[in-house]
Amino acid sequence: ADFVAMDLKGPLDRYREIAGVAVDPAEIRASLRLLASRPAGSYEVRTTVIEGVHMAEDMRAAARELSGIARFVLQPFVPQESLLDPACTGRERTTDAYLREMLAVVQPIVPGAVIRGINV
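What comes next concerns the included structure. (Residues numbered from 1 in each chain as written. Predicted model: local features only at pLDDT ≥ 70, side-chain atom pairs only at ≥ 80, totals over all residues. Heavy atoms only, no water.)

### A look at the environment of Ser 37
Under the convention used in this document: Think of it this way: any DSSP run of H or I at least four residues long counts as a helix, any run of E at least two long counts as a strand, and we number them from the N terminus. By the criterion applied in these results, polar contacts are pairs of N or O atoms within 3.5 Å in which, for protein atoms, one can donate a hydrogen and the other can accept it, and in which residues neighboring in sequence qualify only through two side-chain atoms.
Its place among the elements puts Ser 37 in the loop between α2 (25–36) and β2 (43–49). Separated by 32 residues in sequence, Ser 37 and Ile 69 have C-alpha atoms that sit 8.6 Å apart. Among the polar contacts listed, one links the side chain of Ser 37 to the backbone oxygen of Leu 34, at a separation of 2.6 Å.

### Points about the nonpolar core
Across soluble globular proteins, nonpolar side chains show a tendency to be buried alongside one another. Rule in force here: Residues enter a nonpolar core if they are buried and are Ala, Val, Leu, Ile, Met, Phe, Trp, Tyr or Cys, with the set joined through side-chain atoms within 4.5 Å. Only protein chains enter the accessibility calculation, which uses a 1.4 Å probe; a residue is then buried when its area is under 20% of its type maximum, exposed when over 50%, and partly exposed in between.
Within the largest apolar cluster, 27 residues are counted, with the highest numbers of intra-cluster contacts made by Leu 8, Val 45, Met 59, Leu 66, Phe 72, Leu 74 and Val 106. Sorting the residues of this core by element identifies α2, β2, α3 (56–64), β3 (72–76), α4 (96–106) and β4 (113–115) as the ones contributing at least two each. Take this core: its biggest share by element is six residues, from α4.

### Quick notes on the pattern of salt bridges
What counts is decided by this rule: Should a side-chain nitrogen of Lys or Arg be within 4 Å of a carboxyl oxygen of Asp or Glu, the pair is scored as a salt bridge.
Tallying each qualifying case throughout the model produces 11 salt bridges. Put simply, Glu 57 and Arg 60 hold a salt bridge, and the shortest N to O gap is 2.7 Å. Pair noted here: Glu 57 and Arg 60 are both in helix α3, with a separation of three residues, about one helical turn. Assessed through its relative accessible area of 28%, Arg 60 is described here as partly exposed. Taking the shortest distance from any N to any O, the salt bridge between Glu 57 and Arg 64 comes out at 3.4 Å.

### Description of α3
Operational definition: This arc is built from the directions going out from the helix axis to the C-beta atoms.
Those residues of α3 that fall on the buried side of the exposure criterion are Asp 58, Met 59, Ala 62 and Ala 63. The arc that holds every buried residue of α3, seen down its axis, measures 135°, which confines them to one face.

### Side note on the side chain of His 54
We count it as follows: When checking whether two residues touch, look at their non-hydrogen atoms; a contact exists if any pair is within 4.5 Å.
In this fold, His 54 is placed in the loop between β2 and α3. Taking relative accessible area as the criterion, His 54 reaches 1% and is therefore assigned buried. When residues no more than four places from it in sequence are discounted, the contact partners of His 54 are Lys 9, Gly 10, Ile 18, Thr 47, Thr 48, Val 49, Met 59, Tyr 98 and Met 102.

### Brief notes about α2
Defined as follows: Here a helix's expected span is defined as the number of its residues, less one, multiplied by 1.5 Å.
Between its terminal C-alpha atoms α2 stretches 16 Å, which fits the 16 Å expected from 12 residues at 1.5 Å a residue. Among all positions in α2, only Ile 28, Leu 32 and Leu 35 are buried. Take α2 and look down its axis: the buried residues cluster within an arc of 60°, on one side only. In α2, the exposed positions angled more than 90 degrees off the buried face are occupied by Glu 27, Arg 33 and Leu 34.

### Focus on the sheet that holds β4
Pairing between the strands of a sheet is mediated by backbone hydrogen bonds and can be parallel or antiparallel. This is how it is decided: At least two bridges found by DSSP between two strands is the condition for calling them paired. To define axes, lines are fitted to C-alpha atoms, for helices over the stretch in contact only, and angles between the resulting N-to-C directions are given on a 0 to 180 degree scale.
Spatially, β1-β2-β3-β4 is the arrangement adopted by the four strands of the open sheet, whose pairing is parallel. Single-partner strands in this sheet number two, and they are β1 (4–7) and β4. Taking the axes of each pair of neighbouring strands and ignoring which way they run, one obtains an average angle of 30° across the sheet. Where β1 and β2 come together, four bridges link them in parallel fashion. Within β2, the residue paired with Ala 5 across the bridge is Glu 44. On top of the sheet, α4 reaches β2, β3 and β4; it is set at about 160° to β3, its chief contact.

Encoded structure:
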């Protein structure tokens, strides 16, 4: 593969709550190690940030799991009619200001962190 994108739903200790499915944190860590072994620019790890779900400490904890990861992308939650998770129905789009706040939280840990999906 020329490029790999991996979603990280949140910190591993809240993963089941946020993602709504049981996962083995060891498998996620193994996937992250594989990505970190690839050349920078050939992968990204991304989180869709949802206000009221992803708090600063959650984002800090998620960033700590990304040791060796060159690119961490924060993107806004954008409501759509066809969402699979009914818990997200009625949620508002993540504000640009909140994404910037979360970027300020994770960038000291993952310097390659960026925001996608807003006018920066």
